[in-house]
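Descriptive structure summary
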Amino acid sequence: MKKYLSIFSITLQEYFVYRLNMFMWRVRQVFVFLLPYFLWRAVLGGGGDIYGYDFAGIMTYLFGTTILRSLVMGSRTVDLGWMINSGMLTIPLMRPLNMFGFLLTRDAADKLFNLSFMFIEIPLIFLIFRPPVFLQADPYAIMYTIVSIIFAILIYFFINIIFGSLGFWTRDVWAPRFLLMVVLEFATGAMFPLDMLNSLWQRVLLWTPFPYLLFIPLRIYLGSSETLVYLIGQFIWVTLLYLFARYIWRRGLLRYEAEGR
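Only a predicted model underlies this, so the values are computations on that prediction, with no experimental measurement involved.

Details of the overall build of the protein
Secondary structure summary: the protein contains 11 helices and 0 strands in total. Put simply, the protein runs from its N terminus to its C terminus through helices and strands in the order α-α-α-α-α-α-α-α-α-α-α. The globule rule puts the C-alpha radius of gyration for 261 residues at 18 Å, and the 19 Å found for the protein is close to it. Overall, the C-alpha framework of the protein stretches about 60 × 40 × 35 Å when taken along its three principal axes. Per-residue burial for the protein yields a buried fraction of 45% across its 261 residues. Split by element, the accessible area of the protein, about 14400 Å² in all, is 70% carbon and sulfur. Once the 21 positive and 14 negative side-chain charges of the protein are each reduced to a mean point, those two points are 9 Å apart.

Here it is as structure tokens:
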């Protein structure tokens, strides 16, 4: 356990090496919230609703996606492809570590770092703009939301391992990851609530793991009547992606040459 705590601490310290990069990244995160905020305020700030969402509902969704993006989609496992191609993967492989545990520990440090800044940024945004936001009071809905977020974190973690493991077979890991990020921006519900789409597209997307990263946890938080179905769907995706990630990882290790090391 002590070795994983050391990895956690070292990962956090790495963020403070390049302080300007860290500051600019946080500024970017604030703008990720502010741009859609002003857009939706212009559309719904005067009243009315769109696809069943009034201004308070959209603000709740926007705040939720902002927090969940930092918590669920903040990840150091995105570096896995680079670690493979540079030979840096050799270092943790030669140590008595479970690689999935090593990568998950680094992810946990990243999420704590992002979340700590969110506790500063979100209250400041509230004080300045005072947007209307729905606060869930049902303890069961909150509990189910927490479980859903944990499942979402694991889904994204295994997706990153699968895409990062492409580095065992190709040096071009940037292009597949860029394509993945483009898909995630739309299919997770990060840009807008997915129930604004027609029912056909909603059903198609729910057969993929992507809506379970942001959209589904927020639906559960807002009090969905299909919470149990959503949680079962998340559990199935966690299991399938874990098995596939483990298979890809084991096959990839057989090809690893530790080039550069």
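Thoughts on the side chain of threonine 77
Within the secondary structure layout, threonine 77 lies in the loop between α3 (55-72) and α4 (80-86). Among the polar contacts made by the side chain of threonine 77, one reaches the side chain of aspartate 107 at a distance of 2.9 Å. In this structure, threonine 77 is in contact with Leu103, Asp107, Phe157, Asn160 and Ile161, ignoring residues within four places of it in sequence.

Some words on the nonpolar core
In terms of nonpolar packing, the biggest core is built from 49 residues, with Val72, Leu89, Phe158 and Ile161 touching the most fellow members. Counting residues per element, the ones that place at least two in this core are α1 (2-14), α3, α4, α6 (99-129), α7 (139-164), α8 (174-187), α10 (215-221) and α11 (227-253). At 11 residues, the largest contribution of residues to this core is made by α7. Formed by 15 residues, the second largest nonpolar core is a distinct cluster that contains Phe33, Tyr37, Met59 and Leu62.

Thoughts on the environment of alanine 109
Structurally, the position occupied by alanine 109 is in helix α6. Here alanine 109 falls in the buried class, since its relative accessible area comes to 0%. In sequence terms alanine 109 and leucine 180 are 71 residues apart; their C-alpha atoms lie 23 Å from each other. Discounting residues that sit within four places of it in the chain, alanine 109 has contacts with Phe8, Thr11 and Leu12.

With respect to the packing of aromatic side chains
This model, assessed by the stated rule, comprises 12 aromatic pairs. Their ring planes at 80° and their centres at 6.5 Å tell us that phenylalanine 100 and tyrosine 242 sit as a pair that is edge-to-face. Taken as a pair, phenylalanine 100 in helix α6 and tyrosine 242 in helix α11 lie far apart in primary sequence, 142 residues in all. In this structure phenylalanine 100 comes out as buried when scored by relative accessible area, which is 14%.

Some remarks on the pattern of salt bridges
A side chain with one charge may pair with a side chain of the opposite charge, provided their charged atoms come close. One pass over the structure, following the stated rule, counts 4 salt bridges. Arginine 76 serves as the salt-bridge partner of aspartate 79, at 3.2 Å between the closest nitrogen and oxygen. In this structure aspartate 79 comes out as partly exposed when scored by relative accessible area, which is 25%. The exposure class assigned to arginine 76 is buried, which follows from its relative accessible area of 14%. Where aspartate 79 meets arginine 106, a salt bridge forms, and the shortest distance between an N and an O atom there is 4.0 Å.

Thoughts on the environment of valine 173
With respect to the helices and strands, valine 173 occurs in the loop between α7 and α8. Spatially, the C-alpha atom of valine 173 lies 24 Å from that of methionine 94, the residues being 79 residues apart in sequence. Excluding anything up to four places from it in sequence, valine 173 contacts Gly81, Asn85, Leu166 and Gly167.

What to know about the packing of α3 against α6
Between α3 and α6, whose axes approach to 8 Å, the crossing angle comes to 160°. What the angle tells us is that α3 and α6 run roughly antiparallel. Classified by chirality, the crossing of α6 by α3 is right-handed. Every residue of α6 that contacts α3 at Phe63, Thr66, Ile67, Ser70, Leu71 and Val72 is listed here: Lys111, Asn114, Leu115, Met118, Ile122, Ile125 and Phe126. By residue class, the composition of the contact of α3 with α6 is 9 nonpolar, 3 polar and 1 charged.

Examining empty space enclosed by the protein
Across all of its chains, the model carries 3 cavities of 30 Å³ or more by this definition. Here the largest cavity is characterised by a volume of approximately 60 Å³. As for the largest cavity, its lining consists of Pro36, Trp40, Ile58, Tyr61, Leu62, Thr65, Ala190, Met191, Phe192 and Pro193. When residues of the lining of the largest cavity are traced back to their parent elements, those giving at least two are α2 (19-44) and α3.

Conventions adopted
- Residues numbered from 1 in each chain as written.
- Predicted model: local features only at pLDDT ≥ 70, side-chain atom pairs only at ≥ 80, totals over all residues.
- Heavy atoms only, no water.
- Helix = DSSP H or I, 4+ residues; strand = E, 2+ residues; numbered from the N terminus.
- Rg over C-alpha atoms; globule rule 2.2 N^0.38 Å.
- Buried < 20%, exposed > 50% of the residue type's maximum accessible area, 1.4 Å probe, protein only.
- Areas by Shrake-Rupley, 256 points an atom, 1.4 Å probe, with all protein chains shown as cover.
- Lys, Arg positive; Asp, Glu negative; His and termini not counted.
- Charge placed at Lys NZ, Arg CZ, Asp CG, Glu CD.
- Polar contact = N/O pair within 3.5 Å; in protein donor to acceptor, adjacent residues only side chain to side chain.
- Contact = heavy atoms within 4.5 Å.
- Core = buried A, V, L, I, M, F, W, Y, C linked by side-chain atoms within 4.5 Å.
- Phe/Tyr/Trp six-rings, centres within 6.5 Å; stacked < 30°, edge-to-face > 60°.
- Salt bridge = Lys/Arg side-chain N within 4 Å of Asp/Glu carboxyl O.
- Axes fitted to C-alpha atoms, helices over the stretch in contact; angles between N-to-C directions.
- Parallel < 35°, antiparallel > 145°, perpendicular 65-115°, else oblique.
- Left-handed = near helix turned anticlockwise from the far one by under 90°.
- Nonpolar A, V, L, I, M, F, W, Y, C, P; charged D, E, K, R; others polar.
- 1 Å grid on protein atoms, 1.4 Å probe; cavity = no way out; pocket = protein on both sides within 12 Å on 5 of 7 lines; lining within 4 Å.
- Points joined across faces, edges and corners; volume = space filled by probe spheres on them.

By themselves, these observations are geometric and do not establish any function.
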